[in-house]
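Here's the letter readout for the chains.
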Amino acid sequence: MLLAFASILIDCSNLKRSPCLGYAPAKFVEDDAPFRLFTAKIAAVAEDLRLCQTKYREYIDTPTEIILANSMEYRPPVEYDLVITSPPYMNGLDYVMNYKIEIGWLGFARTHQELKQLKDAMVVCDNVSKGVIRRFSGEAGRYSNPWIEHIKAEIAANIARRGFYRREDMPEIVHKYFDDMYLVMRNVSQAIRPGGRFVLVIGDSLIADVYVPTDLILARIGQELGLKIERLERARVRRSGQIRSYRLRETVVTLKAEGLAGNYLRQGLKAQWP
Ligand SMILES: C[S@@+](CC[C@H](N)C(=O)[O-])C[C@H]1O[C@@H](n2cnc3c(N)ncnc32)[C@H](O)[C@@H]1O
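Residues numbered from 1 in each chain as written. Predicted model: local features only at pLDDT ≥ 70, side-chain atom pairs only at ≥ 80, totals over all residues. Heavy atoms only, no water.

Draft legend 1. Here's a closer look at the site of the ligand. Taken together, Ala 69, Asn 70, Ser 71, Met 72, Ser 86, Pro 87, Pro 88, Tyr 95, Ala 121, Met 122 and Val 123 make up the full set of residues adjacent to the ligand. Note that a nitrogen atom of the ligand is positioned 3.0 Å from one of the backbone N or O atoms of Val 123. Summarising the interface, the protein chains cover 55% of the accessible area of the ligand, which totals 590 Å² for the free molecule. Looking at side-chain class alone, the shell around the ligand contains 8 nonpolar, 3 polar and no charged residues. (Near = heavy atom within 4 Å. Polar contact = N/O pair within 3.5 Å; in protein donor to acceptor, adjacent residues only side chain to side chain. Areas by Shrake-Rupley, 256 points an atom, 1.4 Å probe, with all protein chains shown as cover. Nonpolar A, V, L, I, M, F, W, Y, C, P; charged D, E, K, R; others polar.)

This is how it looks when you write it as C-alpha cells:
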C-alpha cells in the first residue's frame, strides 16, 4: 500500500515529470485526487496479482530474490544465464532529483545528505557534484580507451571554442560515465555462464556538438571483457535534447559469453581499438 501511495504522489501534487521533475503551476488537482488515484492504483495492483494467480500460476513458486546494491560494487555470488539492464544514459536523468519524493516516502533516504550519498554512488549523470568529478580526475587506474580519449578531446575543444558550456568539466563527466559502466560490466561479465547473454538497452548522445556512440562503446567494452557482440538492434529513434533535429537512437546490445569471459579477464587480454 505504501508503494501504491508513493506511485501517485506526483499526480496528486503540483509537480510534473516530463521526464524531469518540475513544478506545474497551472496544474489543477482535485481535492479527492489522492483517494481516487490510490483506489485506482490498488485496483491495478490487485488485477496484476489476480493475473499472477490465474494465468501465470505455474510460475508463482519460482524463487525470486531482489538485491538492493550498487552495481559498480556488487559481485554476484552465482552465475547467470541472462542479465538484462537498461543502464542510465550518458547525460541522462538525475534519478535522485527526479525521484526524491518517492525515495523520501519509501524511506530510502531521510535527509538531503543521504540523497547526495545516493546520487554520488550512482552511475554518473551530468548533474553530478563538481567534487565527485574533481576526485575522479585525480584517481589512478581509471578505465579508458582510445575512443573515449578522442571524444574527451573533441568535447574539450568544442567547449573552449564556445567559451562557455554549462559544465566545463564535461569531458571528465563523460570519462566517469564509461569508467562507471566499465565497473558494472566487469562485475556482470564475470557472473555470466558460458553461453549466457548480457543484454543492454542504451541510447547514444550528443554532447557539446560531439556525437557519443554510447551503445557501440559499451559493446566494445563488453568485447574487451571477453564477451562476443552477438547483435546490435536499433529499438527506436530519439531526438537530441540539445538539437531537436538531431536524430539519436536507442539500441539493444546483446553480448554473449562464449566461455572465455573470466579467462580473458584473468589473462588481461584487451580488444583491439581502432
Ligand atoms: C534507464 S533506468 C532503468 C530503470 C529500470 N529498467 C526500470 O525499468 O525501472 C537506469 C536505472 O539505473 C539505476 N542506477 C544508477 N546507478 C546505479 C548503480 N550504481 N547501481 C544500481 N543501479 C543504478 C537508476 O536508479 C535507474 O533506476
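Past the structure itself, the notes keep going.
Draft legend 2. Representation of the environment of Ile 8 in the model. Residue position: Ile 8 is located in helix 1 (residues 2-8). The class of Ile 8 is buried, set by a relative accessible area of 2%. Along the chain, Ile 8 and Arg 193 lie 185 residues apart, while their C-alpha atoms are 40 Å from each other. Excluding anything up to four places from it in sequence, Ile 8 contacts Pro 34, Leu 37, Phe 38 and Lys 41. (Helix = DSSP H or I, 4+ residues; strand = E, 2+ residues; numbered from the N terminus. Buried < 20%, exposed > 50% of the residue type's maximum accessible area, 1.4 Å probe, protein only. Contact = heavy atoms within 4.5 Å.)

Draft legend 3. How the structure looks around helix 9 (residues 214-224). Within helix 9, 9 of the 11 residues are buried, which leaves the element mostly enclosed by the surrounding structure. For helix 9, the complete set of buried residues consists of Thr 214, Asp 215, Ile 217, Leu 218, Ala 219, Arg 220, Ile 221, Gly 222 and Glu 224. Downstream of helix 9 by one or two residues, Gly 226 has phi in the positive range, about 95°.

Draft legend 4. Examining the nonpolar core more closely. Counting 42 residues, the largest nonpolar core has Ile 155, Tyr 177, Phe 178, Met 185, Phe 198, Ile 207 and Ile 221 as the members making the most contacts within it. Among the elements of the structure, helix 6 (130-137), helix 7 (146-162), helix 8 (170-189), strand 4 (192-203), strand 6 (210-212), helix 9 and strand 8 (247-257) are those that each provide at least two residues to this core. Here the element with the most residues in this core is helix 8; it accounts for 10 residues. The residues touching Ile 207, leaving out its near neighbours within four places in the chain, are Met 90, Asn 91, Ile 155, Tyr 165, Met 170, Val 174, Val 212 and Gln 242. (Core = buried A, V, L, I, M, F, W, Y, C linked by side-chain atoms within 4.5 Å.)

Draft legend 5. Inspection of the packing of aromatic side chains at higher detail. The final tally for this structure, using the stated rule, is 6 aromatic pairs. Between Tyr 143 and Tyr 182 the ring centres are 4.1 Å apart and the planes differ by 10°, which places this aromatic pair in the stacked class. Taken together, the residues span a long stretch of sequence, with Tyr 143 in the loop between helix 6 and helix 7 and Tyr 182 in helix 8 at a distance of 39 residues. With centroids separated by 6.4 Å and ring planes inclined at 45°, the aromatic side chains of Tyr 211 and Tyr 246 adopt a geometry described as tilted. Here Tyr 211, found in strand 6, pairs with Tyr 246, found in the loop between strand 7 (227-239) and strand 8; they are 35 residues apart in sequence, far enough to count as distant. A relative accessible area of 30% places Tyr 246 in the partly exposed class. Cluster of aromatic residues (ring-pair linked, three or more members): Phe 5, Phe 38 and Trp 105. We note Arg 142 situated over the ring of Phe 136; from NZ or CZ to the ring centre the distance is 4.5 Å. (Phe/Tyr/Trp six-rings, centres within 6.5 Å; stacked < 30°, edge-to-face > 60°. Lys NZ or Arg CZ within 6 Å of the ring centre and 35° of its normal.)

Draft legend 6. Main features of a nonpolar patch on the surface. Together, Leu 51, Tyr 56 and Tyr 59 line one region of the surface with nonpolar side chains, adding up to about 310 Å² of accessible area. Take Tyr 56: it is sitting in the loop between helix 2 (33-54) and strand 3 (80-85). (Patch = residues over 30% accessible without salt bridge, like charges linked within 9 Å, V, L, I, M, F, W, Y side chains within 5 Å. Salt bridge = Lys/Arg side-chain N within 4 Å of Asp/Glu carboxyl O.)

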